Amino acid sequence: MKSYYLLFIIMIAFVSCQQKETKTNVVSDPLPSWNDTPAKKAIVGFVTQATTEGSDKFIPVDARIATFDNDGTLWCEQPLYFEMVYSIDATQSIAKSVPELQKKPEIKALASGDKAGFMKSGEKGILEAFAISHTAVKPEHFDEMAKAWLDTAVNAKFKHKYVELTYLPMIELLQYLRDNQFKTYIVSGGSSMFIRNFSAKAYGIPAEQVIGTMFKAEYKGGNVLLKPEVWHTDDNAGKPEAIYNIIGKKPVLAFGNSDGDFEMLDWTSTNNPLPHLSLLLHHTDDVREVAYDSLSHIGQLKRGLVQGPAKGWIIVDMKKDFNKVFSFEK
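Residues numbered from 1 in each chain as written. Predicted model: local features only at pLDDT ≥ 70, side-chain atom pairs only at ≥ 80, totals over all residues. Heavy atoms only, no water.

Participant: Which parts of the structure should I look at to understand the packing of aromatic side chains?
Facilitator: Two numbers describe a pair of aromatic rings. These are the distance of the centres and the angle of the planes. Counted by the stated rule, this structure contains 18 aromatic pairs. Relative to Phe82, the ring of Trp75 lies with its centre 4.8 Å away and its plane at 70°, an arrangement referred to as edge-to-face. The pair Trp75 / Phe82 is uniform in exposure class, with both members buried. One aromatic cluster in this structure is built from Trp75, Phe82, Tyr86, Phe142, Trp149, Tyr162, Phe194, Phe198 and Tyr203. Geometry around Phe158 places Lys157 over its ring, the cationic atom sitting 5.3 Å from the centre. One Lys or Arg, Arg303, reaches over the ring of Phe262 and ends 3.8 Å from the middle of that ring. (Phe/Tyr/Trp six-rings, centres within 6.5 Å; stacked < 30°, edge-to-face > 60°. Buried < 20%, exposed > 50% of the residue type's maximum accessible area, 1.4 Å probe, protein only. Lys NZ or Arg CZ within 6 Å of the ring centre and 35° of its normal.)

Participant: Can you help me understand the pairing of strand E3 (residues 210–220) in this one?
Facilitator: Note on strand geometry: in a regular strand, side chains alternate between the two faces of the sheet. Strand direction decides the pairing type here: strand E2 (residues 183–191) and E3, joined by three bridges, are parallel. Note that in E3 the partner of Val187 across the bridge is Ile211. Two strands pair when backbone bridges link them, and E3 and strand E4 (residues 223–232) are joined in this way by six bridges, in the antiparallel orientation. Bridging from a neighbouring strand, Ala217 pairs with Leu226 of E4. A loop of two residues connects E3 with E4, the two strands running antiparallel in sequence, and Gly221 in this loop sits at a positive phi of about 60°. (Pairing = 2+ DSSP bridges. Helix = DSSP H or I, 4+ residues; strand = E, 2+ residues; numbered from the N terminus.)

Participant: It is not clear to me how helix H6 (residues 122–135) should be interpreted in this structure. Could you clarify?
Facilitator: Along an α-helix, residues three or four positions apart point the same way, because every turn accommodates 3.6 residues. For H6, with 14 residues, the first-to-last C-alpha span of 20 Å sits near the 20 Å given by 1.5 Å per residue. Buried residues dominate H6, accounting for ten of its 14 residues. Every buried residue belonging to H6 is among Gly125, Ile126, Glu128, Ala129, Phe130, Ala131, Ile132, Ser133, His134 and Thr135, and all of these are buried. (Expected span 1.5 Å × (residues − 1).)

Participant: Where do I start with the sheet that holds strand E6 (residues 277–282) in this structure?
Facilitator: Pairing between sheet strands relies on hydrogen bonds along the backbone, with the strands arranged either parallel or antiparallel. Pairing is mixed in the open sheet, where seven strands are placed in the order E4-E3-E2-E1-E5-E6-E7. Looking at which strands have only one partner, the edges of the open sheet turn out to be E4 and strand E7 (314–317). Each adjacent strand pair in this sheet contributes to an overall mean axis angle of 35°, direction not counted. Along the sheet face, helix H8 (residues 168–179) touches strand E1 (65–68), E2 and strand E5 (253–256) and points at about 165° away from the line of E1. (Axes fitted to C-alpha atoms, helices over the stretch in contact; angles between N-to-C directions. Contact = heavy atoms within 4.5 Å.)

Participant: What exactly am I supposed to notice about the layout of surface pockets here?
Facilitator: Where empty space is left becomes clear once a probe the size of a water molecule has been rolled over the atoms. Volume-wise, the largest pocket comes out at about 830 Å³. Around the largest pocket sit 33 residues that line it, and Tyr81, Met84, Gly189, Gly190 and Asp235 are the ones nearest its centre. When contributions to the lining of the largest pocket are tallied by element, the ones reaching two or more residues are helix H3 (82–97), H6, E2, E3 and E4. For the lining of the largest pocket, the element with the highest residue contribution is H6, accounting for five residues. Among the residues forming the lining of the largest pocket, the class breakdown is eleven nonpolar, twelve polar and ten charged. Considering only enclosed or pocket space, the second largest pocket measures out at about 270 Å³ in volume. (1 Å grid on protein atoms, 1.4 Å probe; cavity = no way out; pocket = protein on both sides within 12 Å on 5 of 7 lines; lining within 4 Å. Points joined across faces, edges and corners; volume = space filled by probe spheres on them. Nonpolar A, V, L, I, M, F, W, Y, C, P; charged D, E, K, R; others polar.)

Participant: I'm lost on unusual backbone geometry in this one. Help?
Facilitator: When glycine is set aside, most residues are seen to have a negative phi, and most peptide bonds are trans. At the junction of Gln78 and Pro79, the peptide bond is cis and its omega measures out at 0° in the coordinates. Positive phi is not limited to glycine here, since Asn236 has a value of about 55°. For Asn236, a relative accessible area of 34% translates into the label partly exposed.

Participant: Which parts of the structure should I look at to understand the environment of Met119?
Facilitator: Looking at the secondary structure, you find Met119 in helix H5 (residues 115–119). Judged by its relative accessible area of 39%, Met119 falls in the partly exposed class. It is 40 Å that separates the C-alpha atoms of Met119 and Ala310, two residues lying 191 residues apart in sequence. Look past the residues within four positions of Met119 in its chain and what remains in contact with it is Ile88 and Ile126.

Participant: Just to check I follow, could you spell out the nonpolar core for this structure?
Facilitator: One recurring pattern in soluble globular proteins: nonpolar side chains tend to sit buried together. If you look at the biggest cluster of nonpolar residues, it comprises 71 residues, and the most contacted ones within it are Phe68 and Leu173. Not counting the four nearest positions on each side in its chain, Leu173 is found in contact with Leu31, Trp34, Ile43, Phe68 and Phe255. (Core = buried A, V, L, I, M, F, W, Y, C linked by side-chain atoms within 4.5 Å.)

Participant: Can you help me understand the environment of Glu164 in this one?
Facilitator: Mapped onto the elements of the fold, Glu164 is located in the loop between helix H7 (139–152) and H8. With a relative accessible area of 33%, Glu164 lands in the partly exposed category. When the C-alpha positions of Glu164 and Phe328 are compared, they lie 8.1 Å apart, and in sequence the two are 164 residues distant. For Glu164, the side chain forms a polar contact with the side chain of His160, separated by 2.9 Å. (Polar contact = N/O pair within 3.5 Å; in protein donor to acceptor, adjacent residues only side chain to side chain.)

Participant: For this particular structure, what's the right way to read the side chain of Thr284?
Facilitator: Counting through the fold element by element, Thr284 comes out in the loop between E6 and helix H13 (303–307). A residue is classified by how much of its surface remains accessible, and Thr284, at 19% relative accessible area, is buried. Only 2.6 Å separates the side chain of Thr284 from the side chain of Asp317, close enough to count as a polar contact. In contact with Thr284, not counting residues within four places along its chain, are Ala291, Asp317, Met318 and Lys319.

Participant: Just checking my understanding: could you explain the confidence of the model for the chain for this structure?
Facilitator: It should be kept in mind that the predicted coordinates are not to be read in detail where pLDDT is low. Averaged over all residues, the pLDDT of the chain is 93; the fraction at 70 or higher stands at 92%. Counting interchain partners and residues more than four positions distant, the pLDDT-below-50 stretch residues 6–10 has zero contacts. pLDDT under 50 marks residues 19–26. Its contacts with residues more than four places away, or in other chains, come to zero contacts. (pLDDT = per-residue confidence, 0-100.)

So, in structure tokens, the structure goes:
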């Protein structure tokens, strides 16, 4: 009887050791949608060193600030910024019930359903729609309209809702950084008020960590109302200026995709006393997404491609570095 008992104890110990060995040998990949390329290795190496106490590249937790552009970096931006598509749809709805707005021929055309006629007005009409959609209604009403649109609107090219057109590798990167006690921010040329309606659900980034273009606000009669005047344009030099004024700390990681992000990446990598990493997403995949750079009408990337490598920036090639672009890919 004792021999059977001894054999049982030995078997249990053997199984336990095997389980421990298996657990030890399994290393989960924090970025499974990234190919094993130099870009991924640079990111993982940076985060590993930044979070390893005793490393000469260790970064204190309170200094682990990571800033990300939104359009073209976290989700698509072609052929027209998604917020602009929303603005046109929302202005069409608003103008139908506000005859005063229809004094302008382009807005009258939009209200009547003539989007082609409206688009002939070009940038002027689009900017008018942007202002109307964001300031002609109370902020609470804007949030209701934006959320309803995001819940239902489908992109014509990809046949998916706009909120489903986030880049899976970037979502993984955001989570990987947060798992390592980085604080992630969106710093976008789009408006703060639009992005805040989906940033938490889409990216895990709360509304208070969104910095974008902002309209002038006015407190009146117990309400905060917005004027059709831009208070801050969050693009180019406006990005590091807003980061300094709102966050108060220089990022140690900055990620963008266009020359509109150049100054944010440049500030992150210039005279930074802490280890840092600046990255640019280069849209090279015309099969799974859209290929564009220096000649694009939006999201133009030229200066960053030329000057970035010499500054030590990582150029992330969508076609080579992403094994999946969207979560719905097979």
